[in-house]
Amino acid sequence: APDPIEHELGFTVRRSDLDLADHVNNTSYVEWAIEAVPDEVWSATDLAELEIHFLSECHHGQTVLSRSQVIAGENESEVRHQLMRSDDGAEVARARSVWRQRPKL
């Protein structure tokens, strides 16, 4: 999990985030995690790896907090992600992404 939390965004679960069982679709969790990547990482690097662990479910109308921390390296940055339900503080997903510098053209 990110420690310390450097970035945090809130998302309200929409109907378009739901699967046929009325749970949040896995792709929405990934989108929310990636949205908390800061602009300086997003604009200068490419997503090279993503590992995500789904821990709990979310439902329509709930608010999910997407939290992240960047650990910068020489040619790549690791971002630690955590998604939490704001109403009860339950962790719904945890992820790690690796961002590598773009090749110079």
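For every chain, the first residue of its written sequence is number 1, and the numbers climb from 1 along that sequence. Only residues with pLDDT of 70 or above have their local features reported here, since the model is predicted, and side-chain atom pairs are shown and tallied only from 80 upward, although totals for entire chains, interfaces and linings are computed over all residues. Based on all heavy atoms of the structure, the side-chain values leave hydrogens and waters out of the count.

Peer 1: Give a detailed account of the pattern of salt bridges, specifying residues and quantitative values.
Peer 2: Oppositely charged side chains may form a pair once their charged atoms are brought near each other. Take a side-chain nitrogen of Lys or Arg and a carboxyl oxygen of Asp or Glu: if they are within 4 Å of each other, that pair is a salt bridge. Tallied over the entire structure, the rule returns 11 salt bridges. Here Asp-17 and Arg-14 are joined by a salt bridge, their closest N and O atoms 3.1 Å apart. Its salt-bridge partner being Arg-96, residue Glu-49 comes within 3.3 Å of it at the nearest N-O pair. Here the residue Glu-49 occupies a position in strand S2 (residues 45-54), and Arg-96 occupies one in strand S5 (residues 91-101), the gap between them amounting to 47 residues. Relative accessibility thresholds used throughout: buried, under 20% of the residue-type maximum; exposed, over 50%; partly exposed, between the two (1.4 Å probe, protein chains only). In this structure Glu-49 comes out as partly exposed when scored by relative accessible area, which is 32%. Each of Glu-49, Glu-51, Glu-76, Glu-78, Arg-80, Arg-96 and Arg-100 takes part in a single network of salt bridges with overlapping partners. The way it works is that DSSP assigns letters per residue, a run of H or I at least four long becomes a helix, a run of E at least two long becomes a strand, and they are numbered from the N terminus.

Peer 1: Explain helix H1 (residues 26-35) to me, and be specific about the residues and the numbers.
Peer 2: The α-helix advances 3.6 residues per turn, and as a result positions three or four apart in sequence lie on the same side. Turning to H1, its buried residues number three or more, namely Ser-28, Tyr-29, Trp-32, Ala-33 and Ile-34. Whether two residues touch is decided by their heavy atoms; if any such pair falls within 4.5 Å, the residues are in contact. Structurally, H1 contributes buried residues whose contacts are with strand S1 (7-12), helix H2 (39-44), S2, strand S3 (63-72), strand S4 (76-85) and S5. Under the rule applied, a polar contact is a pair of N or O atoms within 3.5 Å (in protein, one hydrogen donor and one hydrogen acceptor; residues adjacent in sequence only if both atoms are side-chain atoms). Its side-chain oxygen placed 2.8 Å from the backbone nitrogen of Thr-27, Asn-25 serves as the N-cap of H1.

Geometric values such as these leave the question of function open.
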